Amino acid sequence: MTTALIDTSTANIASVRYALERLDAPYVLACTPADAAGCDRILLPGVGTAGVAMARLDQSGWVQALRLEVRPVLGVCLGMQLLFDYSLESECALLGLIPGRVEQLDPGEDGPWPHTGWNTLTDLDLSDPLLRGVNEGEYVYFVHGFYAPVGRYAIARTRYGGPVTAMVRRGHVAGCQFHPECSAGTGAQILANFVKGAS
Amino acid sequence: MLARRIIPCLDVRDGRVIKGVQFRGHEDVGDIEDMAGRYARQGADELVFYDISASPSRRTVDPEWVDRVARVIDIPFCVAGGIRSVDHARARLFAGADKVSINTPALENPALIEALAAEFGSQCVVVGIDSRMVKGEWLCYRNTGDPGKISVEPKRMLDWIREAINRGAGEIVLNCMDRDGVRKGYDVQQLAAARELCSVPLIASGGAGAGEHFRDVFEISGVDGVLAASVFHKGVITIPELKAWLLAEGVKVRV
């Protein structure tokens, strides 16, 4: 059970690494798809903007590889957004693994932009293995200014100006808009569900 | 619905957590990892570490302890103290900090805010402001970590908040110096004035001493989060007690 942690040289991969270490979950840093050869699941973290992240994934061969991937994939924060078709943040094509567009979030009266802080998980698809042990209304930590509108593949939502996709799944590909590595016990549970076997 | 954030603030000097009273006279209150881990387990929403000796003496925070903190806690944390360049910030972010906060260096070189936001995104860039009323106006102060070097900046606090946001600050921490460490309540009036023009998350600092102070600054000033130090370090209130009380008072907090 080794997780490949895709490393595109963006900041703060340390938080994800330490979260995996706290779970005693073995991982390798995978700069290229070849680095992930011996792994049975893939974690795609991400900070920064969609355009920069896609360019780096493309240079390292990961765009092509992720489009053909059959192992379980979990995208985190920007990594979740990259799973969709198209980003209005950078006006660029994304991985296209889940139908939908990533748009700018309008918080309305709910608070400042970007969406920063602890918000609740609702409308959980409790049949999803990633949500094992997670309850409706638990808090997780979000930091994002763009979002995926809720569609048929959402398995958890939050609310900020309107419904926001908090977790998504299509087949072997899943994602969290929030940072499980910074989301205390709830985040650790979801990460553990992923690295310890949920497909 | 977004929860209001309760953020213990750990002032760090020489690898220990200390606490001063109105920036003068510091006492040792504990070990960094022990205190960080304890607060995370108690339900703190985030932690802030200020190396208060860093800016005046031109040192920067030691990334080694940033890494040690990142290994033990599973909540976000911010590191402040003498970060003067993109490279300084990168070292802390790559060591596991989620945000960096700049105060005196931003006043000295406002373009640093743009540089950090361009490199890491505004969500990583916090601008801390130390402010005090002088002749009817709230003015910014520099080098507040060192009584010998503290100086007033001829910049109005409200103007500086607007400028910092325009330059890319993703969050503002407003420390009302006259309230710091005295536990008589946040400066709700000053914070409400800041809230009026602050379009990014606003965090209150200085003055927490009782549950009512937290409730009032959330309800009256509308801040997104609160920093507090001595009230937690000295056990005047514990985080679980505070959160339970705030929930009963109708303030949305994470429990």
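Let me sum up the structure you'll find in this document.

The rules we used
- Residues numbered from 1 in each chain as written.
- Chains lettered and ligands numbered in written order.
- Predicted model: local features only at pLDDT ≥ 70, side-chain atom pairs only at ≥ 80, totals over all residues.
- Heavy atoms only, no water.
- 1 Å grid on protein atoms, 1.4 Å probe; cavity = no way out; pocket = protein on both sides within 12 Å on 5 of 7 lines; lining within 4 Å.
- Points joined across faces, edges and corners; volume = space filled by probe spheres on them.
- Helix = DSSP H or I, 4+ residues; strand = E, 2+ residues; numbered from the N terminus.
- Nonpolar A, V, L, I, M, F, W, Y, C, P; charged D, E, K, R; others polar.
- Axes fitted to C-alpha atoms, helices over the stretch in contact; angles between N-to-C directions.
- Left-handed = near helix turned anticlockwise from the far one by under 90°.
- Contact = heavy atoms within 4.5 Å.
- Buried < 20%, exposed > 50% of the residue type's maximum accessible area, 1.4 Å probe, protein only.
- Pairing = 2+ DSSP bridges.
- Salt bridge = Lys/Arg side-chain N within 4 Å of Asp/Glu carboxyl O.

Okay, the layout of surface pockets next. Taken as a whole, the largest pocket spans an internal volume of roughly 890 Å³. Contributing elements (two or more residues each) for the lining of the largest pocket: helix H2 (50–59), helix H4 (78–81) and strand S9 (139–144) of chain A together with helix H3 (86–94) and helix H5 (111–120) of chain B. Broken down by element, the lining of the largest pocket gets its largest block of residues, four residues, from H5 of chain B. Partitioned by chemical class, the residues of the lining of the largest pocket number 20 nonpolar, 16 polar and seven charged.

All names here are of chain B. Where helix H6 (residues 157–166) contacts helix H7 (residues 188–197), the axes come no closer than 10 Å and their chain directions differ by 35°. Crossing geometry of H6 relative to H7 is assigned as right-handed. Residue-level inspection shows Met157, Leu158, Ile161, Arg162 and Ile165 of H6 in contact with H7, the latter providing Gln190, Ala193, Ala194 and Leu197. The residue inventory of the contact of H6 with H7, partitioned by class, reads seven nonpolar, one polar and one charged.

The subject of this paragraph is the pairing of strand S3 (residues 41–44) of chain A. Residue and element names in this part refer to chain A. Here S3 shows a buried face lined by Arg41 and Leu43 and a second buried face lined by Ile42 and Leu44. Relative to S3, strand S1 (residues 3–6) runs parallel, the two being bridged by three bridges. Directly across from leucine 5, in S3, lies its bridge partner leucine 43. Bridge count for S3 against strand S4 (residues 73–76) is three bridges, and the pairing is parallel. Paired with leucine 44 across the strands is glycine 75, a residue of S4.

Under the criterion given, the structure shown has 27 salt bridges over all chains. Of the charged contacts, one joins glutamate 103 of chain A and arginine 101 of chain A as a salt bridge, the two residues approaching to 3.3 Å between their closest N and O atoms. A relative accessible area of 22% means that glutamate 103 of chain A is categorised as partly exposed. Taking the shortest distance from any N to any O, the salt bridge between glutamate 249 of chain B and arginine 215 of chain B comes out at 2.8 Å. You can see glutamate 249 of chain B sitting in the segment after helix H10 (239–248) and its partner arginine 215 of chain B sitting in helix H8 (residues 211–221), a full 34 residues away along the chain. Looking at glutamate 249 of chain B, the relative accessible area reads 34%, which means it is partly exposed. In the salt-bridge network here, residues are joined through shared partners; they are Arg5, Glu46, Lys99 and Glu171 of chain B.

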